[in-house]
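Okay, here's what each chain looks like letter by letter:
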Amino acid sequence: MKNTFFMKHLMMFLLPLLIPIIILGTLSILISQSYLKEDINKNSVNLLKQTKENIEFIVSETDPMMLVYDNDLKIIDALSSIMRNRSLSHEDLISFDLLKSFLNAPANARQYIDSFYIYLPNDNGRFISSKQGLSELKSYDDTQWFEQFQRQDEHVKLWIESRYIKSIGQNAEQQRRVTIYQRINNGRGVLVLNILPGYIENILRSLSTFPDQCILVVNEKNEIVFSDKQPAYLTSLDLASILPSGQTFYTVKTPDQSLIVTQLTSVRYGWKYISIVPQSALYQVPFQIIKITIWLLLISFILGSMLALYMTQRSYSERRYKLQASQLMALQSQINPHFLFNTLETLNWETIALTGRPNQVTRIIDNLSEILRYSLTDPEESVTLDTEISSLEHYLQIQKYRYEDKFDVVLDYDSTVLHWKVMKLMLQPIVENSIYHGIKEKEGPGRIKIKIRQSGPYLDIVIVDNGLGMSREVLQLIRSNLNKEDGYSQHIGLLNTNKRLVLAYGETSRITIRSKEGWGTAIYFKVPARA
């Protein structure tokens, strides 16, 4: 019973706390996910616009040089002469010094520029390098750019690639460069700009706003030119298949996870600026909300449990007190029961002594003694239904003798329920109520039927008599008294039994009465089926 009280109080305190917390937490998660997805889209678009401006500003470093080397015929002639002639004249040397200074200026001024190359067709394989001046392909470490220039379609005027250059020195390692090619002299020559990717990728890293966000610059062949990082998901990603044209913001599903992709396209160069954010980033804030919600639920549960435990102890003590008081009212009369029991024992022996043998009087005394013995032994103790029925039969033996078999009692029950534990003196006060208020004043024979059936976790008990019944007004009054804490009625046994049932088993065991004047009365109640 304590567990029942505890669960009842726990639900009473927790539900008003838990339901709002759960609803608030769920709504917060849904709203934050929607907001974060929109926020990722806006931030990624702004970030890519900024990236596009930075990258294209760097690429445009070749534009002023293009105006000079591609449009000024004197400069083109001078460069062709320098590269074509085996021996340079005094005028060629002066022109070369001027051109080299002009070429070195942007390379020295921009820390992200590694070098410039200028090549015009010549039989000597000569070109001008911002690092070494007039150079020849056969003796220069970096010739890959020239091979790429020769392989490229002549209709392509500008292109970009990521490549590795072997640095000068005995233990030289290959170093990555991003190379921009622009054709000059009607496509026969080329201006090559080598960029240090580390500088630009550091800028990209400073722009990232979400965990595991990756920013890419992809050329027209879907090759990565710049990236701020190399997350694990990028190595298994086929960029060509996930970069559809005409879409700016979309989700891509991979075997491992879902990715939120935002892209912008450069109209001038045909490059794509891409932001990739794992969809798990959407759950960062919701996860924090879930953690807070769980903590609130845990704290609420602990506080609710402590309060429920306190109220259970208090209610249980109060119910025990009321139950004891109710039992005392039901069992006590105006004389001391122990004294009455001892007196009955004395009368029994005296009667046998006088008559010389047991008789009807001694049988009545025996039955009454059994009833008192049953009533006086630990009134809080639960007994089997079989024991409760046996005590009722002792009571009925006395009443049948007293009323000269004016009524019959029918007990209808399944033997499988006899082992269930029930409250003491549960049946006798109700049967007594049927006899005194229904059967006694009735003309003709009376009948009381007691029906007991198991229904799920309960024993359903019905006590029906064919006595006088009650008027609508009397029935209403008795029902009202049954629902009162301190109700009073001539049906004292019925009221006390109802109080004891409610105190012992809760509201589900409260007595229900149906009655019709001239037809009889039916009493319904149920108790938990406990072994």
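Residues numbered from 1 in each chain as written. Predicted model: local features only at pLDDT ≥ 70, side-chain atom pairs only at ≥ 80, totals over all residues. Heavy atoms only, no water.

Draft legend 1. Region of the structure containing the confidence of the model for the protein chain. With 75% of its residues at a pLDDT of at least 70, the protein chain reaches an overall mean of 78. Throughout residues 331-336 the model reports pLDDT below 50, and contacts reaching past four residues in sequence, or to other chains, amount to six contacts. (pLDDT = per-residue confidence, 0-100. Contact = heavy atoms within 4.5 Å.)

Draft legend 2. Quick look at the nonpolar core. If you look at the biggest cluster of nonpolar residues, it comprises 46 residues, and the most contacted ones within it are Met-426 and Phe-525. In terms of residue count, helix H12 (residues 385-402) provides more of this core than any other element does, six residues in total. Core analysis: the second largest hydrophobic core is formed by 41 residues, Leu-120, Ile-160, Phe-226 and Tyr-273 among them. (Core = buried A, V, L, I, M, F, W, Y, C linked by side-chain atoms within 4.5 Å. Buried < 20%, exposed > 50% of the residue type's maximum accessible area, 1.4 Å probe, protein only. Helix = DSSP H or I, 4+ residues; strand = E, 2+ residues; numbered from the N terminus.)

Draft legend 3. Representation of unusual backbone geometry. Not every positive phi belongs to a glycine, and Asn-185 is a case in point at roughly 55°. Looking at the secondary structure, you find Asn-185 in the loop between strand E5 (174-184) and strand E6 (189-195). Given the relative accessible area of 11%, Asn-185 is considered buried.

Draft legend 4. Examining the sheet that holds E5 more closely. Here six strands make up an open sheet; going across it, the order is E3-E2-E1-E6-E5-E4 and the pairing antiparallel. Edge positions in the sheet fall to strand E3 (133-136) and strand E4 (158-166), since each of these pairs with one other strand and no more. Across the sheet, the mean angle from the axis of one strand to that of its neighbour is 30°, orientation sign disregarded. One ladder, built from two bridges, connects strand E1 (residues 113-119) with strand E2 (residues 126-129); its direction is antiparallel. From the neighbouring strand, Tyr-117 faces E2, where its bridge partner is Ser-129. Running at roughly 150° to E4, helix H5 (residues 144-151) makes contact with E1, E2, E4, E5 and E6 of the sheet. (Pairing = 2+ DSSP bridges. Axes fitted to C-alpha atoms, helices over the stretch in contact; angles between N-to-C directions.)

Draft legend 5. Examining the pairing of E2 more closely. Side chains Arg-126 and Ile-128 project from E2 onto one buried face, and the interleaved Phe-127 and Ser-129 project onto a second face that is buried too. Following E1, the chain reverses through six residues before pairing antiparallel with E2; Gly-125 in that reversal takes a positive phi of roughly 65°. Here E2 runs beside E3; their pairing, made up of four bridges, is antiparallel. Pairing of Ser-129 across the sheet is with Gly-133, part of E3. The antiparallel hairpin formed by E2 and E3 contains three residues in its connecting segment.

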